[in-house]
Amino acid sequence: HLSIRRQRQMCIRDRFKMAINIFYWKNANGQPMAKEMDMEEEVAGYSKVIELKNNKKETLYFLIGGGVSCNTCRFEKALLLTIGETGLEEVFSFQIDYRFNNDILGLSFDDENQILNYEYIEDECENDEGENCWVRGKFKFNGITFEEIE
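None of the values given here were measured: they were computed from a predicted structure.

Novice: Even after reading the chapter, I still don't get the overall build of the protein, so can you show me in this structure?
Specialist: Looking only at helices and strands, the protein has one helix and 10 strands in total. What you see in the protein, going N to C, is helices and strands ordered as α-β-β-β-β-β-β-β-β-β-β. Of all 150 residues assigned to the protein, the portion counted as buried reaches 36%. Considering only residue pairs separated by 6 or more positions, the protein has 37% of its internal contacts joining residues 24 or more positions apart. For the protein, the exposed area adds up to about 10300 Å²; of that, 44% sits on carbon and sulfur atoms.

Have a look at this one:
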């Protein structure tokens, strides 16, 4: 019992961040800016940054990433940012949480149609036939933000 407790204490003490995400941009005056994009998880990171144009032809930044939140848990997050006068402003945020499974799509982005797809198995859920409950949907970029279309 004591060795297990010591091991857990060592694991907690020895934790470190596996990824640090720093987002760089220039403000309206052309001054370089930077901000750490923390996902509030130990093992997490944004792996994709896509530039989108809003209705005013301003650049928005669409970030997609994810990480591990427990031994069998995974999460993925999509974040749409705009550059405001005081810094980055969140326009849209969507996160899914699920257990590891090879059949899961997670989050994917169709660049051509500007559609964010999501698919995962809802935890501890079965339908009447005893099969897993799939959650699927889509968000489309409308020139301002993402709106759910399915």
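And the narrative resumes.
Novice: Help me out: how do you make sense of the nonpolar core in this one?
Specialist: Burial of nonpolar side chains together is a common tendency in soluble globular proteins. By size, the foremost hydrophobic cluster in this structure holds 20 residues, and its most contacted members are Phe62, Leu116 and Phe146. Of all the elements in the fold, those that place two or more residues in this core are strand S3 (43-53), strand S4 (59-70), strand S5 (73-83), strand S6 (88-99), strand S7 (106-110), strand S8 (115-126) and strand S9 (132-141). In terms of residue count, S6 provides more of this core than any other element does, four residues in total. Phe62 has contacts with Lys48, Val49, Ile50, Leu52, Ala78, Leu79, Leu80, Phe109, Leu116 and Phe146, leaving out every residue within four places of it along the chain. One finds Tyr46, Leu63, Leu79 and Leu88 within the second-largest nonpolar core, a separate group that totals six residues.

Novice: Just to check I follow, could you spell out unusual backbone geometry for this structure?
Specialist: Of note, Lys57 is a non-glycine position whose phi angle comes to about 70°, a positive value. Its location among the elements puts Lys57 in the loop between S3 and S4. Under the relative-accessibility criterion, Lys57 is labelled exposed at 66%.

Novice: What is the right way to read the packing of aromatic side chains from this model?
Specialist: To describe a pair of aromatic rings, you give the distance between the ring centres and the angle between the ring planes. Taken as a whole and assessed by the stated rule, the structure comprises 10 aromatic pairs. Counting every residue linked through ring pairs, the aromatic cluster contains Phe62, Phe92, Phe94, Phe109, Tyr118, Phe139, Phe141 and Phe146.

Novice: Would you take a moment to explain the pattern of salt bridges for this structure?
Specialist: Two side chains carrying opposite charge are able to pair once their charged atoms lie near each other. Tallying each qualifying case throughout the model produces two salt bridges. Notably, a salt bridge pairs Glu76 with Arg74, separated by 4.0 Å at the nearest N-O pair. Exposure remark for Glu76: the relative accessible area of 8% places this residue in the buried category. Classification of Arg74 as partly exposed rests on a relative accessible area of 25%. In this structure, Glu119 engages Arg136 in a salt bridge whose closest nitrogen and oxygen atoms are separated by 2.7 Å.

Analysis parameters
- The numbers attached to residues start from 1 for each chain and follow its sequence in the written order.
- Local features in this predicted model are restricted to residues whose pLDDT is 70 or higher, and side-chain atom pairs enter the listing and the counts only when it is 80 or higher, whereas totals over whole chains, interfaces and linings include all residues.
- In computing side-chain properties, one takes all heavy atoms of the structure into account and sets aside hydrogens as well as water.
- Strands here mean DSSP runs of E at least two residues long; helices mean DSSP runs of H or I at least four residues long; both are numbered from the N terminus.
- The cut-offs for exposure are 20% and 50% of the maximum accessible area for each residue type, with area from a 1.4 Å probe on protein chains only; residues under the lower value are buried, those over the upper are exposed, and the others partly exposed.
- Whether two residues are in contact is decided by their heavy atoms: any pair within 4.5 Å suffices.
- Surface accessibility follows the Shrake-Rupley procedure with a 1.4 Å probe radius. Residue values consider only the protein chains on display as shielding.
- Residue types Ala, Val, Leu, Ile, Met, Phe, Trp, Tyr and Cys, when buried and joined through side-chain atoms within 4.5 Å, form a set referred to as a nonpolar core.
- Classification of ring pairs uses Phe, Tyr and Trp, with its six-membered ring standing for Trp, and accepts pairs whose centres are within 6.5 Å; under 30 degrees between planes counts as stacked, over 60 as edge-to-face, and the remaining range as tilted.
- By convention in these notes, a salt bridge is any Lys or Arg side-chain nitrogen within 4 Å of a carboxyl oxygen on Asp or Glu.

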